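Reading the structure
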Amino acid sequence: MLTETVRHVREHYPAQRKIGVLATSGTMASGVYEKALKAQGLQQIAPEPALQSRVCRPSTESTASRRALLPVHARKTLRRPWRA
């Protein structure tokens with residue numbers, strides 16, 4: 001996934017050198033995107049720790065907590081069975 005992400009950025013945004021990354025706090029701490037981007041001459045731009053905490057929190061809370069964050073129409077959509 002890292003390789004494909006960096007390839008996509010290089011192919012579609014060749015003039016960009018600073019790339020914004022939003023990911024879980026664990027992923028950010030691991031540095032995997034930063035290393036992959038750096039290997040291709042790109043610089044990762046990431047949220048400051050306080051903002052990272054606010055951005056990441058909703059995606060990592062329990063399912064019940066996340067459900068409370070969803071608008072009613074989104075909850076109804078998610079309850080519908082998958083249709084191909």
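Structure's up top.
Bear in mind that the values here come from a model prediction, so they are computed numbers and not experimental data.

Section: the overall build of the protein chain
A count of helical and extended segments in the protein chain gives six helices and two strands. Starting at the N terminus, the α and β elements of the protein chain follow one another as α-β-α-α-β-α-α-α. Considering the protein chain as a whole, with its 84 residues, one finds that 18% of them fall into the buried category. With an accessible surface of roughly 6700 Å², the protein chain has 58% of that area assigned to carbon and sulfur atoms.

Concerning a nonpolar patch on the surface
Taken together, the side chains of Leu22, Leu51 and Val55 make up a nonpolar region of the molecular surface, amounting to roughly 270 Å² of accessible area. Secondary-structure assignment places leucine 22 in the loop between β1 (18-20) and α2 (25-30). Relative accessible area serves as the criterion here: at 66%, leucine 22 is assigned to the exposed category.

Notes on the packing of helix α1 (residues 2-12) against helix α3 (residues 32-39)
With their axes 10 Å apart at the nearest point, α1 and α3 run at an angle of 45° to one another. Between α1 and α3, the interaxial angle falls into the category oblique. Both α1 and α3 take part in a crossing whose hand is right-handed. Only Val32, Tyr33, Ala36 and Leu37 of α3 make contact with α1, whose side of the interface consists of Leu2, Thr5 and Val6. Along the lines of polarity and charge, the residues of the contact of α1 with α3 split into six nonpolar, one polar and no charged.

Things to note about the pattern of salt bridges
Inspection of the entire model under this criterion finds two salt bridges. A salt bridge links glutamate 4 to arginine 7; the nearest nitrogen and oxygen atoms lie 2.4 Å apart. Placement of both glutamate 4 and arginine 7 in helix α1 is noted, with a separation of three residues, approximately one turn of the helix. Residue glutamate 11 is joined to arginine 7 by a salt bridge in which the shortest nitrogen-to-oxygen separation is 2.2 Å. A residue pair is termed a helical-turn pair when its members lie 3 or 4 positions apart in one helix, as glutamate 11 and arginine 7 do in helix α1 at four residues. The class of glutamate 11 is partly exposed, set by a relative accessible area of 49%. Judged by relative accessible area, which is 37%, arginine 7 ranks as partly exposed.

Parameters at a glance
Residues numbered from 1 in each chain as written. Predicted model: local features only at pLDDT ≥ 70, side-chain atom pairs only at ≥ 80, totals over all residues. Heavy atoms only, no water. Helix = DSSP H or I, 4+ residues; strand = E, 2+ residues; numbered from the N terminus. Buried < 20%, exposed > 50% of the residue type's maximum accessible area, 1.4 Å probe, protein only. Areas by Shrake-Rupley, 256 points an atom, 1.4 Å probe, with all protein chains shown as cover. Patch = residues over 30% accessible without salt bridge, like charges linked within 9 Å, V, L, I, M, F, W, Y side chains within 5 Å. Salt bridge = Lys/Arg side-chain N within 4 Å of Asp/Glu carboxyl O. Axes fitted to C-alpha atoms, helices over the stretch in contact; angles between N-to-C directions. Parallel < 35°, antiparallel > 145°, perpendicular 65-115°, else oblique. Left-handed = near helix turned anticlockwise from the far one by under 90°. Contact = heavy atoms within 4.5 Å. Nonpolar A, V, L, I, M, F, W, Y, C, P; charged D, E, K, R; others polar.

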